[in-house]
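Structure assessment
If you want the building blocks of each chain, they are given just below.
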Amino acid sequence: MDLRDFKIQVFPLKDKLFRLAKRLLNDPEEAQDIVQEAFIKLWNRRETLNEYRSVEALAVVTTRNLCLDKLKAKKYPAESIDRLKADIPDMGSDLEKDKELIALTDKIKEIIGTLPEQMKTIMQLRDIEGYDFEEIAEVLGMNENTIRVNLSRARKKVREIMINKKIYEFQRN
């Protein structure tokens with residue numbers, strides 16, 4: 001794909017990508033940065049863009065993934081969580097419950113991380129980010145019923161893994 005084709009196929013998506021990034025990040029300036037970064041990634045892949053069924057879908061997924069990476073980096077900087085966990089003093093049963101909750105949350109995140117990308121993304125957008133099915137359908141370019149089915153299967157899979165690893169028993173006690 002040359003510059004002219006790139007301008008015709010990819011540049012018109014900038015407003016759509018910006019709206020997506022702005023909705024995910026709630027920050028117009030960061031959204032602009034993400035869209036620019038997405039364009040750079042797409043430009044670097046310009047030789048293989050014709051192999052994709054939909055350049056628009058690739059652009060949306062690229063933007064979404066960059067946004068989710070940005071949110072994760074902001075929300076859960078790894079070193080600050082590790083530092084926070086290490087600094088928790090032993091102050092009795094409430095703090096022990098908090099530690100258990102942190103451990104349970106980490107295990108659930110780890111389980112969700114093992115899911116196929118599509119299920120992981122749908123769970124992230126629905127259960128963590130709080131998007132409704134219509135918004136998720138728009139972001140992913142999928143049918144709402146397909147999203148519901150994937151979400152149901154993802155939750156079932158997480159539940160099965162938790163039961164098999166006896167993590168679920170930990171939560172019920």
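This text goes with the structure placed above it.
Residues numbered from 1 in each chain as written. Predicted model: local features only at pLDDT ≥ 70, side-chain atom pairs only at ≥ 80, totals over all residues. Heavy atoms only, no water.

Things to note about the overall build of the chain
For the chain, the count of helices and strands is 10 helices and 0 strands. For the chain, the succession of helices and strands along the chain, N to C, is α-α-α-α-α-α-α-α-α-α. Taken over 173 residues, the chain has a buried fraction of 32%. Counting contacts in the chain only where the partners sit at least 6 residues apart, residues at least 24 apart contribute 61% of the total. Accessible surface, the chain: about 11400 Å² in total, of which carbon and sulfur atoms supply 49%. (Helix = DSSP H or I, 4+ residues; strand = E, 2+ residues; numbered from the N terminus. Buried < 20%, exposed > 50% of the residue type's maximum accessible area, 1.4 Å probe, protein only. Contact = heavy atoms within 4.5 Å. Areas by Shrake-Rupley, 256 points an atom, 1.4 Å probe, with all protein chains shown as cover.)

Concerning the packing of helix α7 (residues 117-128) against helix α8 (residues 133-140)
Running from N to C, α7 and α8 cross one another at 140°; their axes reach a closest spacing of 10 Å. With respect to α8, the element α7 is oriented oblique. When the axes of α7 and α8 are compared, the crossing they make is right-handed. Residues Thr 121, Ile 122, Leu 125 and Arg 126 of α7 form the contact with α8, whose own contacting residues are Phe 133, Ile 136, Val 139 and Leu 140. In terms of residue class, the contact of α7 with α8 is made up of 6 nonpolar, 1 polar and 1 charged. (Axes fitted to C-alpha atoms, helices over the stretch in contact; angles between N-to-C directions. Parallel < 35°, antiparallel > 145°, perpendicular 65-115°, else oblique. Left-handed = near helix turned anticlockwise from the far one by under 90°. Nonpolar A, V, L, I, M, F, W, Y, C, P; charged D, E, K, R; others polar.)

Treat this as a map of the structure, not an account of what it does.
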